[in-house]
Structures are given as structure tokens and as C-alpha cells.
Amino acid sequence: MKTVERLGAIVWKEWLQVFRDPSALMIAFVLPAILLFIFGFGLSLDVTDVKTGVVLEDASPLARSFYNSLDASKYIEVKFYAERTEAELAMRDEIIRAVVVVPNDFTKRISQGEIGVVQILTDGGDTNLAFIVENYLRAAFMKWTSLRLRETGEGGLAGKIDLETKTMYNPAQITRHSLIPGSIAMILAIIGTLLTALVVAREWERGTMEATLAASVGKFEMFVGKFIPYFLLGLAAAIGGLFLSKLLFDVPFRGSFAAYLLSSSVFLLVATTQGIFISSICRDQSVASQVAVLSGFLPNFILSGAIFEIDAMPKIIQLVTYIFPARYYVVCLQTIFMAGDVWLLLLTQIGYMCVIGAVVVCAAILKTPKRL
Amino acid sequence: MLGSIRRVWRLFLKEVIIALGTPKTRNILIVPQIIELVMFSFAVSLDVTNVRLGVVNLDSGVESSTFLLSFGTKPVFKEVRYYQSYEELKEAIEQREIFAGLAVPNDFSARMLSKDETAKVQFLVDGRRANASAILGGYVAQITQTYGVQAAFQNANGEPMTSGPVVRRWFNPNLIARNSFMPGLICLITTTVGIMVSALSISREREMGTFEQLLVTPASPIEIVAGKMIAAVFLATGSVLLITAIVIFGFKLPLQGSFGLMLLTTITYLASIVSIGLMISSLSTTQQQSTLGAFIFIPPAIMLSGFAAPIENMPYWLKACTVVNPVRWEMEAMRGLFLRGTSTEAIIACLIPLAIVAAVSLLAAIYMFKRRME
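## Quick notes on the overall build of chain B
Okay, step 1: Per the secondary structure count, chain B includes 15 helices and five strands.
Okay, step 2: Computed over the C-alpha atoms, the radius of gyration of chain B is 28 Å, more than 25% above the 21 Å expected from 2.2 N^0.38 for a compact globule of 374 residues.
Okay, step 3: Out of the 374 residues in chain B, the part that is buried amounts to 56%.
Okay, step 4: Considering only contacts in chain B between residues 6 or more positions apart, those separated by 24 or more positions represent 78%.
Okay, step 5: Summed over its atoms, the accessible surface of chain B is roughly 15300 Å², and 64% of this surface lies on carbon and sulfur atoms.
Okay, step 6: Side-chain charges of chain B comprise 31 positive and 25 negative groups, with the mean position of each set lying 12 Å from the other.

Have a look at this one:
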């Protein structure tokens, strides 16, 4: 009974502390909204209507027919250039991002049985865009070639292949729909880790921690008492984030609220505990905020798979991503938002987060000081 | 005038001594930047590699297996897994066992060999990772169409086709993602260092009580701000130069433009960032509030700079907002200097908005600081 009473007192004290400090409230409520807004509007990797210059050095009907096959597509927007140098200058100035050159001996070489007679130039400054445009242009040229071979009968017994691409859960390939769920992980990490680390470290700096320690509070009570208020704040932000992303960005939400709440709680458990742990070790706001950013915000931004591809990272960094809960949480979020409640997958991911959580909680309780 | 310069010099020395005096504060200028650089440079990539591909082949002909072979041999695919039915394939994607799958119907070979019919293949990809699914979709389309032409060519000529379209990629011939992110990364690190050395500098003194001591010195508010600002720019420039050296010599990304121009843009940029940091600092009474301020500034400024996603993709009103964002201009200048070898005029075109932002934010910082003191 005593424990519950003491716990209640600590929770109440932390609660007052948060609600009486405008800057803590800003971190908890205003910052998530701003971040979600910026991520939602500012972060899109969609590759559509890429400005592509086409230079027709050969104006024969054959060259024209290739040009026409390029014209109608959602990926590129064709701009016509008379001279190759003109198109190259436009590419240097970033007016266009790719150039297709149909050389003046196009017809002649094709009649000699050559296949790859066009030249493709792309702007490697943006590798993502360059790769997509390059593949699109190559595929378009090959498709045109196979149609041509079939018409002229040159292909003998050979085939046109129709590839029907079905993008599951996201037929229009809107990148925002997977980036916004991913950014919720980032936002919760800021609240859970950064806010908690800062507020608790300030107590050390100001010496008010001594006053709390003088009370007869056990390690465990101390930890839980600090944990509950920030955990609840994080949960509030998670619900707010869901609400905002539905309202502003029309992101699908095919899973259940229960699944969302469950996975978010487990993630916040780790993030908040991490914040308490950091503050117990650092005891200094500027160092604590540095450590919180390095171990909380950055890994959630880079190593979570929300934006950047984990599969493309070197082996050793891929291994590092397993330590941070963000990786699992992002999978949960993307699945709940886009695919629905795939319980087998969700529970496995939540299970991994629980394991990490158990380790961090033990470390934090051990490190929660009872003495100065 | 001379006295003023001497006072600013003294304040500058004081700030530098505080920053370099203890190991803890010294390390903050070096360690996080190196961690950020290494972590980012290896991890930041939008490439699609190591893909696990699932295959359902209901066709028993030779054509389908050679077709599927043309995927299995591509380095993008780490592993090819076989499934018995379309449903199993979908289930595997749902559980994230595989990222994408190809389904070949039972009449594939027959249709490939017939003159008028079109062979059909279905490609399924996990749209939960939208960008990766778009990249892989384009790549698979390219392989498929190339295979079709190849098969036609081989049928007609009896020998494999050797030539495809000639592709050249400018600025980054091997499309190494790290090379195109690296200049932006330097800019990102410059931003965090610049904010870090300035945002806490006034609020820390206020919290520790040394601010009052500053106020009783003969230095005027402008001199105090100048001293803090010059010191912050000086320290951050040192830290940035170290990072740049690692990029040039360690990661072997050559500087295409001139070093002098790079230094000039960096210092101009830091002047604007440090002014913003001092503004945040004079607005806040505690370090926690300064940190919060930094967090309200940094992520949006980075997001709206074109670092992770192109500015072209933003809605027009947001695109308009990026004009006042100094990070955007520095990002553009760094990419020009390192990657594209842009002309001096183009770099100066970035320097002008940077200088304007720096001047405006410096005036604002001085104004806020003066108001704070009264």
C-alpha cells in the first residue's frame, strides 16, 4: 500500500513539473504536430513527370515512332531539343534530369540488325531518380524494339511480354503513405527519449534530485514514478499523430486501433526507459541532450528503414539496426497503416521490441540512483 | 573603436577557452560529428539491393525457366525463393519474408513461342516500402523487356544479343548513393554544429548565473553578441573543416570547385546558422528551452532543404518557403562544389541568398539580445 502511495506522489510531482513548464509541453504537443506536418508535406520521393530531353538527330519515321512511344507516360515529361549540346546544357543547369539521344545513323544501324542504338544520359546527382528514369527509358526502348521486331517479322518465333505490376497495399506507389507512418516512430522517439532525458537531467543539475532522494523511495518506485508520466505523454502524442495523419494526409489506416496502441506502447516503453537511463548516467542537460539525439533521434531517422533502405546498408550497420526498436516499430506501423492486422508479423516484431525493452528496463533500474 | 575591438577579442577568447577548456565540451565539437558522418555515409542510401524475390512458376516450358534465370543472376537479388501457388506468394509478401514476387502463368512458354500472342507475367511487390517498390518495379520491367528482345533476337540470328542502349550517368557514373548524399551530409553536420555551439551559449550563462557577470563588464550588448558569434563561427568552421577533410581524403570524394569558394560559403552559412542559434538562445531562459528551439528549427530546416527528398516534389507553397531556408542554399552550393562542378556564378547565386539570410538573422539576434538585457 505504501508503495502505491509513494508512486502516486512521484507521478503527480512529475506531472506537475511537465504541465507547469511551457517548453516541456511544447516538446510533447507542438513539436510532434510541426514535425508530422513537415514530414508529410516535405518528404516525398515520388518519381513522376521527370523532365526528359529528347534529341532526334534522325527524323525518319522509325525514329518518330520511338519518340511517340515515349510521349505518354506518368514517369517522364518529354521536352524536345534540336541539338545534343542544347540538351546537355539544360541537364547541367538541372532543367532536365535525363536525355535520350536518337543518333543520326539510327535507321541505318537498325536496318543492319543492331539493337541498342539510342543513348541515354541521366543526372547521377540524384541516384534514386537517375536509377528509376534509366530503367524506365531502357524498358520503354526495349518494349518498342520488341514491337518493331514483331511487326517486321525479324524476331522469328518470339515474344512480346506483358508485365503486369501490382503494388500490394499501395497501388499508386505514393511514397508519402509509407513515409508518414515511419515518421511517427521518429516523433515518438523525440518525446520518449529526448524529453525524458532533458527533464530528469535538469533535476540533477538543479539539485532537486537530492530532495527526492531524501524521501524514502525505492529504486523501483523511483523508476516507475518517472516512467509513467512521460509514457502517457508519448501515448497521447501517438494518438494525436494518428489523428493528424488521417486528417491532413489521407493516409490509409487498414489495421485496428488496438494493434496501433499495442505496438506504440511497447516502442514507447523502450524509448522512455532509454531517456531515463541516459539522464541517470549523464546528469547534465547539454550532454544528455547530445546523447539523446545521437542514440534516440538519429537512429530513428536513419537506421529504422522508414526512409533509407536497410537492405542497402553494409552488413555491420544492418546488424546495428537490430539493436534499435525503431526497426521493428516501423515495420509494425507500415503494416498497420497499409496492410492491416497481420498478427503473426506484428507479434513477432513486438516480441523483439519486448526483448530489447526488458534489457533496457533492467539497465535503467540498476542505474537509477538511490544515492548521490 | 580600438577598445571595442579589444573587448570583442577578449570575449572571443573567453568563449573559445570555455569551449576548448574541458574534455567534455571539447569532445562535443568533434565526436558527434564524426559519428554522424560515419553513420550517415554508410547508412544513407535509397538503393534497392539484397532483395529476396519469390517465384511461382506454373509453366513447365524452357522459356519460363530461362526468363526467370535472367532475374536470378542479377546482383540486386540476394535470394530467390520458390512457391507453389499465387496465394502462398502473396502470403509470403504479407509476412515480409520476401519483398517481391514473380508469377508466371502456365501458358507462358506457349505464348512466347506463338507469333501473335503476348506472354503475360505478373509482378507483385510490397508497397509498404513505396520508394523501393517503385525502383524495383522499374528494374523488373527493364529486365523483362530486355529479355523479350533478347529472345526474339536470338531466335532470329541464332546468337545472343550483346548491345543494349548506351547509358551514361553524369556526375556519379556508378550511381553510388553515398557520393550524392555526401555533400548534403557535410551541410547537415555544419548545421547541427552551428546550432549546437550557439543555441545554448546564452541560456547556459543565464542558468549558471554568469550572465550577470557579463552584464557588468564594460562590453556593450553588440560587442557581447559579436564575441559570441565570432567564436561560434570560428569553432564550428574548425569542426566542419575536419569533417570535410575526412570526406575528401577518407571517403575520396574530390572537391570539384575551389577550396576558397567552399570556405567562403561555409563561413557565410555558419554566420546565418549561428545567428539563428543566438536568436533561439536569447529567446529562452533555460537550456531545455534552447534545446527545444534547436529541435523546432533543425528537422524542418533539413527536411525542407532537399537533403532527403527533392524540393521539386513539394507542394508549391512549401517550395516557396524553402527560399528563406539557408540550409537549402548551402545544400545546393555544396552539391555544386563537390558533385556537379558547377560554375562559380552558380555558387555565387547561392551565396547571395545565404548572405541576405545571415544579415537579417544577425540583426534579429542583436535586437532580441538587446531586448533581453533591458
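Past the structure itself, the notes keep going.
## Focus: the side chain of Thr335(A)
Okay, step 1: Of note, Thr335(A) is situated in helix α13 (residues 326-339).
Okay, step 2: Judged by its relative accessible area of 0%, Thr335(A) is buried.
Okay, step 3: In contact with Thr335(A), other than residues within four places in its own chain, are Gly340(A), Val342(A), Leu345(A), Leu346(A) and Arg128(B).

## Observations concerning the sheet that holds strand β2 (residues 77-82) of chain B
Okay, step 1: Taken in spatial order, the five strands make up an open sheet running β5(A)-β4(B)-β3(B)-β1(B)-β2(B), and their pairing is mixed. One side of each edge strand has no neighbouring strand; the edge strands of this open sheet are β5 (160-168) of chain A together with β2 of chain B. Across the sheet, the axes of successive neighbouring strands diverge by a mean angle of 25°, strand direction being ignored.
Okay, step 2: Two elements, strand β3 (residues 100-104) of chain B and strand β4 (residues 118-126) of chain B, share four bridges in a ladder whose sense is antiparallel. Counted as the bridge partner of Ala100(B) is Val125(B) from β4(B).

## Points about a nonpolar patch on the surface
Okay, step 1: A cluster of nonpolar residues, Phe37(A), Phe243(A), Leu247(A), Leu248(A), Tyr316(B) and Trp317(B), forms a patch on the protein surface that exposes about 680 Å² of accessible area.
Okay, step 2: The residue Phe37(A) is located in helix α2 (residues 22-42) in this model.

## Side note on the interface of chain B and chain A
Okay, step 1: Chain B puts 106 residues into the contact, and the matching count from chain A is 110 residues.
Okay, step 2: When the two sides are added together, the surface that chain B and chain A hide from each other amounts to roughly 10000 Å², 63% of it contributed by carbon and sulfur.
Okay, step 3: If you sort the residues of chain B by the area they bury against chain A, Arg128(B), Trp170(B) and Gln288(B) come out on top, with a joint share of 9%.
Okay, step 4: The interface formed by chain B and chain A contains six salt bridges.
Okay, step 5: Of the charged contacts, one joins Glu309(A) and Arg129(B) as a salt bridge, the two residues approaching to 2.5 Å between their closest N and O atoms.
Okay, step 6: If you look at where chain B meets chain A, you find 33 residue pairs in polar contact (both at pLDDT 80 or more).
Okay, step 7: Considering each element in turn, the side of chain B that touches chain A owes the most residues, 22 residues, to helix α6 (residues 130-157) of chain B.
Okay, step 8: Class assignment for the residues of the side of chain B that touches chain A results in 61 nonpolar, 27 polar and 18 charged.

## Observations regarding the confidence of the model for chain A
Okay, step 1: Within chain A, residue pLDDT values average 85, and 96% of them lie at 70 or more.
Okay, step 2: By mean pLDDT, helix α8 (residues 208-214) of chain A is the weakest element of chain A at 74, and α13(A) is the strongest at 94.

## Looking at the environment of Ser180(B)
Okay, step 1: Looking at the element boundaries, Ser180(B) is found in helix α7 (residues 177-199).
Okay, step 2: Judged by its relative accessible area of 4%, Ser180(B) is buried.
Okay, step 3: Sequence spacing of Ser180(B) and Tyr316(B) is 136 residues, and the spatial spacing of their C-alpha atoms is 25 Å.
Okay, step 4: Sequence-distant contacts of Ser180(B), that is, excluding residues within four places in its chain, are made with Gly124(A), Gly125(A), Thr127(A), Asn172(B), Arg335(B) and Leu339(B).

## Comments concerning the packing of α7(B) against helix α14 (residues 326-340) of chain B
Residue and element names in this part refer to chain B.
Okay, step 1: Relative orientation of the contacting elements α7 and α14 amounts to 140°, with a least axis distance of 9 Å. On the basis of their axis angle, the class for α7 and α14 is oblique. In this structure, the crossing between α7 and α14 has a hand that is right-handed. Within the contact between the two elements, α7 uses Asn179, Ser180, Pro183, Gly184, Ile186, Cys187 and Thr191 and α14 uses Val327, Glu330, Met331, Met334, Arg335, Phe338 and Leu339.

## A word on the packing of aromatic side chains
Okay, step 1: One pass over the structure, following the stated rule, counts 32 aromatic pairs over all chains.
Okay, step 2: One aromatic cluster is present, built from ring pairs that chain together Phe67(B), Phe71(B), Phe77(B), Phe108(B) and Tyr147(B).
Okay, step 3: Residue placement shows Arg92(A) over the ring face of Trp170(B); its charged tip is 5.3 Å from the ring centre.
Okay, step 4: The lysine or arginine in question, Arg328(B), covers the ring of Trp329(B), its NZ or CZ lying 4.5 Å from the ring centre.

## Here we look at unusual backbone geometry
Okay, step 1: Of note in the backbone geometry, Tyr169(A) takes a positive phi value of approximately 70° without being a glycine.
Okay, step 2: Residue Tyr169(A) is classed as buried on the basis of its relative accessible area, which comes to 16%.

## Re helix α7 (residues 175-206) of chain A
Residue and element names in this part refer to chain A.
Okay, step 1: For α7, which comprises 32 residues, the first-to-last C-alpha distance of 46 Å matches the rise-based estimate of 46 Å (1.5 Å per residue) to within 8%.
Okay, step 2: Buried residues dominate α7, accounting for 29 of its 32 residues.
Okay, step 3: Directly after α7, the chain includes Gly207, whose backbone phi takes a positive value near 85°.

Reading the values: rules and limits
Residues numbered from 1 in each chain as written. Chains lettered and ligands numbered in written order. Predicted model: local features only at pLDDT ≥ 70, side-chain atom pairs only at ≥ 80, totals over all residues. Heavy atoms only, no water. Helix = DSSP H or I, 4+ residues; strand = E, 2+ residues; numbered from the N terminus. Rg over C-alpha atoms; globule rule 2.2 N^0.38 Å. Buried < 20%, exposed > 50% of the residue type's maximum accessible area, 1.4 Å probe, protein only. Contact = heavy atoms within 4.5 Å. Areas by Shrake-Rupley, 256 points an atom, 1.4 Å probe, with all protein chains shown as cover. Lys, Arg positive; Asp, Glu negative; His and termini not counted. Charge placed at Lys NZ, Arg CZ, Asp CG, Glu CD. Pairing = 2+ DSSP bridges. Axes fitted to C-alpha atoms, helices over the stretch in contact; angles between N-to-C directions. Patch = residues over 30% accessible without salt bridge, like charges linked within 9 Å, V, L, I, M, F, W, Y side chains within 5 Å. Salt bridge = Lys/Arg side-chain N within 4 Å of Asp/Glu carboxyl O. Buried area = accessible area lost by both parts, 1.4 Å probe. Polar contact = N/O pair within 3.5 Å; in protein donor to acceptor, adjacent residues only side chain to side chain. Nonpolar A, V, L, I, M, F, W, Y, C, P; charged D, E, K, R; others polar. pLDDT = per-residue confidence, 0-100. Parallel < 35°, antiparallel > 145°, perpendicular 65-115°, else oblique. Left-handed = near helix turned anticlockwise from the far one by under 90°. Phe/Tyr/Trp six-rings, centres within 6.5 Å; stacked < 30°, edge-to-face > 60°. Lys NZ or Arg CZ within 6 Å of the ring centre and 35° of its normal. Expected span 1.5 Å × (residues − 1).

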